[in-house]
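Residue strings, one per chain:
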Amino acid sequence: MCSSDLKLQFGVGVLVLPMYNPFVAAKAIATTQELSDGRVLFGVGIGWCREEFDIVGEPFARRAERTMSDRAVPLMGVMAAFIFAAQMMNFPVAGGTSGHLLGGALAAALLGPWAAIIVMTAVVGLQGLLFQDGGLLAMGANIFNMGVATALLATLLFRLARPLTAGGAGALGVAFVAAWLTVEVSATLTALQLAASGTSPLEVALPAMLTVHALIGIGEGLITAAALAFIRATSPNLLPPAL
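Please read all numbers here as calculations on a predicted model, not as lab measurements.

### As for the overall build of the protein chain
In step 1: Secondary structure summary: the protein chain contains nine helices and four strands in total.
In step 2: Put simply, the protein chain has 243 residues, and 36% of those count as buried.
In step 3: Sequence-distant contacts, at least 24 apart, represent 69% of the contacts inside the protein chain between residues at least 6 apart.
In step 4: If you sum the accessible surface of the protein chain, you get close to 13,900 Å²; carbon and sulfur atoms cover 69% of it.

### Quick notes on helix α1 (residues 22-35)
In step 1: In this model α1 runs 20 Å from its N-terminal to its C-terminal C-alpha over 14 residues, within 8% of the 20 Å that 1.5 Å per residue would give.
In step 2: Once α1 finishes, D37 follows within two positions and takes phi at roughly 60°, a positive value.

### So, the environment of T188
In step 1: Here T188 is to be found in helix α8 (residues 170-196).
In step 2: By relative accessible area, T188 is classed as partly exposed at 25%.
In step 3: Remark: the alpha-carbon pair of T188 and A205, spanning 17 residues in sequence, is separated by 8.9 Å.

### A look at the confidence of the model for the protein chain
In step 1: With 85% of its residues at a pLDDT of 70 or more, the protein chain has an overall mean of 83.
In step 2: At the low end of the mean pLDDT range in the protein chain sits helix α3 (residues 63-67), at 57; at the high end sits α8, at 94.

Reading guide: rules and limits
Residues numbered from 1 in each chain as written. Predicted model: local features only at pLDDT ≥ 70, side-chain atom pairs only at ≥ 80, totals over all residues. Heavy atoms only, no water. Helix = DSSP H or I, 4+ residues; strand = E, 2+ residues; numbered from the N terminus. Buried < 20%, exposed > 50% of the residue type's maximum accessible area, 1.4 Å probe, protein only. Contact = heavy atoms within 4.5 Å. Areas by Shrake-Rupley, 256 points an atom, 1.4 Å probe, with all protein chains shown as cover. Expected span 1.5 Å × (residues − 1). pLDDT = per-residue confidence, 0-100.

This is the structure in structure tokens:
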């Protein structure tokens, strides 16, 4: 394959090196790298098994300290507190309705998808437990719609746009679009769930949800872009290189 194509890149994902002979693996990768004229994408890591940590001499109980930077945990706390407070403030939307920040795209931009999901789960859970906002029976759906789906979608959009906007002004535009889309996707999922539960017909729920949340998404996009612009101006070290 390396000799028959001059443009394709070849990747192995993240190789769990403790499961292989490091000398044999190094020779194989070096040979492939030479044959492909430097087009091999190669990442090395350890997985989730205790045995893999034992092989490299790292304590399994301290794995979180090895995989999260010193700033990640406190930043997650600050991000959760900000989103929790911001969700308490509603802004008016047409037709007598109101909207509030979701925050999934903002959390994903600063923390990455997995930490963002943890933050959003904590926020939505506290909203339901302390203020009965969303209720307990619907908490799973709310966490998925507002936390999991928004964080994963925003991360995907950020990564797709990274080659075009890394560090430039266009990154804020991507953040606005990503935030707007996460609101619309969250609204779509909610409409589908309402229809599936028999609460509201899809032909009624979907147009109503998408129309109102298209406006709410503008507020979400503006808040997300403004927050990232403020962080870029005051604490750029908190932002990933793409922003």
